[in-house]
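A closer look at the structure
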Amino acid sequence: MKISAGHEKTAEAASEILKIGGNAVDAAIAAFFASFVAEPCMSSAGGGAFANVLFDGQVRLYDFFCQTPRYKRPVSEVNFFPITVDFGDTTEDFHVGHGSVAVPGAIAGAFALHRDFGSIPMRELVQPAMEFAKNGIDLVPFQALDLKLLEPIFRVSPLSISTFFDENGQIKKAGSLHHVPKIADFLDFISREGEKAFYFGEIARKIVETQQTQGGYLTREDFEKYQVIIRQPLSFAYNNHQILTNPLPSTGGSLMALMMMNLEKVTENHSSKEYILNLHNMLEKVADFGKLPADLAKALTKNLKKHTSKHGSTTHFNVVDKDGNAVSLTSTNGEGNGHYIDNTEMMLNNMLGEAALVPEGFHNWQTDIRLSSMMAPTLVLDAQHQFKATIGTGGAGRIPSMIMQFLHLLLDYNLSPLDAVEAPRVHLSGNHFNIEKIGFEALPQSKAIGRR
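Residues numbered from 1 in each chain as written. Predicted model: local features only at pLDDT ≥ 70, side-chain atom pairs only at ≥ 80, totals over all residues. Heavy atoms only, no water.

What to know about the nonpolar core
This is how the line gets drawn: What makes a nonpolar core is a set of buried Ala, Val, Leu, Ile, Met, Phe, Trp, Tyr and Cys residues whose side-chain atoms join them at distances within 4.5 Å. Note on classification: 1.4 Å probe, protein chains only; a residue is buried when its accessible area is under 20% of the maximum for its type, exposed when over 50%, partly exposed between these limits. Between two residues, a contact is recorded if the distance between any of their heavy atoms is within 4.5 Å.
Counting residues in each nonpolar core, the largest one holds 66 residues, and the members touching the most others are Phe33, Ile107 and Phe198. Not counting residues within four places of it along the chain, the set of residues in contact with phenylalanine 33 comprises Ile107, Ala110, Met122, Leu125, Val126, Ala129 and Leu187. Among the nonpolar cores identified, the runner-up in size contains 49 residues, and Phe80, Ala257, Leu357 and Val426 belong to it.

As structure tokens, this is what we get:
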């Protein structure tokens, strides 16, 4: 049994369920709910996710990402405005407000997974998250940093100020207690009443009432018609392994696959200049989309041009159980829209305010379609079609290249998963080529070995 997650409490929730005999999907559902408490900047009942599931030898991709509203209203009526986030060396605008909310899929996805694979009652799967919410958890440095970056968004709502700011009006720092008892009440309610309480009942009614009176798009029909989509993963062979990842309409998996189609091993030393230059040359080549059909190249081009954000409010976790079943789940709430699901302490998403997700421009999105994403939860099977690895990450436009580099190190250089994760990564953005941790000139040279 193995678990990796963006927060120790997310991982702890999964571990508790595995210890009492739950399978990987049971544990993933518990971890997903726990992330609402432990990772509030990144995961919420008001957001969406993708789960890549290997169960009894079969792989399915569960798409419970956010959906565009079925109806538009005059832009002059829409509550939609920019918030400037200061990264120190630069600033960036994110758009929030009631008009930035797409239909959330998180709760529908959790229940779909439970219907298909769950072996433990939902009432038990919410217990770890409920305990964390009722008792409170300490903010870890990474979550505290994210709160600080998104402080202008968390100042929009009085509820945020009471939850995430101290008595002096300062955003809470690492080590501060994060106490959200209303999330516990929400999870208790949902576990007893089921997903219909969210999409057909009181929760939908309250969200829609606020949306319709305060400048949002969502209607009751948006909630009642929302569906989880089960897809066949994008599958391709690489170095005697099978890679399974997020397919279209999301573009992250396709872009990662394209990178690996153009990848070659040119040196035995993954810490050398030759290794870094090889990655650089491949990324430049992929920027032209030379091997793709025109429609896919067009889709990737539109999305990639928009994926320039320095901030990726996305989290990921992996769970593998004793029987080799595995779940790779990536979740996001965007930056959050600044407003909360009534009486829950969980913020709604701002997906319609994410430039990368609406490449035709704000308010020009198509109605009633599943939004695209760079998120790419990925599974790897060996030559005997047995589980080898699971991987995913946050990071907005960097997601495909981060996963590609992990797989390159794991499958071509036989690094352990931990060493592959901790190895310096590179990223190409326009004319900027970034190398983590170490300067290029400090890297040794090695003798090239030719094409693989």
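Here we look at the pattern of salt bridges
Here is the rule: The salt bridge criterion pairs a side-chain nitrogen of Lys or Arg with a carboxyl oxygen of Asp or Glu, the two atoms within 4 Å. Secondary structure elements are taken from DSSP: a helix is a run of H or I of four residues or more, a strand is a run of E of two residues or more, and numbering for both begins at the N terminus.
All chains considered together, the criterion is met by 20 salt bridges. Linking arginine 192 and glutamate 193 is a salt bridge whose minimum nitrogen-to-oxygen distance equals 3.8 Å. Residue classification places arginine 192 among the partly exposed positions, given a relative accessible area of 48%. A relative accessible area of 46% means that glutamate 193 is categorised as partly exposed. In this structure, glutamate 202 and arginine 205 form a salt bridge, with 2.5 Å as the shortest nitrogen-oxygen distance. Here arginine 205 and glutamate 202 lie together in helix α11 (residues 202-213), a separation of three residues that amounts to about one turn. Exposure remark for arginine 205: the relative accessible area of 33% places this residue in the partly exposed category.

Focus on the side chain of threonine 245
For clarity, the cut-off: In protein, a polar contact requires one atom able to donate a hydrogen and another able to accept it; more generally it is a pair of N or O atoms within 3.5 Å, and residues adjacent in sequence count only if both atoms are side-chain atoms.
Along the polypeptide, threonine 245 turns up in strand β10 (residues 241-245). Residue classification places threonine 245 among the buried positions, given a relative accessible area of 0%. At a separation of 2.9 Å, a polar atom in the side chain of threonine 245 contacts the side chain of threonine 378. If near-sequence neighbours (up to four positions away) are discounted, threonine 245 is found in contact with Asn52, Pro233, Leu234, Gly253, Met256, Ala376, Pro377 and Thr378.

Brief notes about the packing of helix α13 (residues 252-261) against helix α14 (residues 273-286)
Test applied: Between N-to-C directions, angles cover 0 to 180 degrees, with each direction set by a line fitted to C-alpha atoms, over the stretch in contact for helices. Should an angle fall under 35 degrees it is taken as roughly parallel, and over 145 as roughly antiparallel, whereas 65 to 115 is taken as roughly perpendicular and any remaining angle as oblique. Crossings are assigned a handedness: left-handed for a near helix turned anticlockwise from the far helix by less than a right angle, right-handed for a clockwise turn.
Following both chains from N to C, one finds α13 and α14 inclined at 125°, their axes separated by 9 Å at the closest point. As judged from the angle between their axes, α13 and α14 are oblique. For the pair α13 and α14, the sense of crossing is right-handed. Contacts between α13 and α14 involve Leu255, Leu258 and Met259 on the former and, on the latter, Met282, Leu283 and Val286.

Structural notes on the confidence of the model for the protein
Keep this limit in mind: pLDDT is defined as a per-residue confidence score from the predictor, taking values between 0 and 100.
Per-residue confidence for the protein averages 89 on the pLDDT scale, and 90% of its residues sit at or above 70. In this model, residues 305-311 is a region of pLDDT below 50 whose contacts with residues beyond four sequence positions or in other chains number 21 contacts.

Points about the sheet that holds strand β15 (residues 378-381)
Applied cut-off: If DSSP finds at least two bridges between two strands, the strands pair.
What the four strands build is an open sheet, ordered β9-β10-β15-β16; its pairing is antiparallel. Lying at the two open borders of the sheet, with one neighbouring strand each, are β9 (234-238) and β16 (387-391). Between one strand axis and the next, the sheet turns by 20° as a mean value, whatever way the strands run. Pairing between β15 and β16: four bridges, direction antiparallel. Paired with valine 380 across the bridge in β16 is alanine 389. Its contacts with the sheet place α13 against β9, β10 and β15, and it is angled at close to 15° to β9. Packed onto the sheet, helix α16 (residues 399-411) meets β9, β10, β15 and β16 and runs at close to 150° relative to β16.

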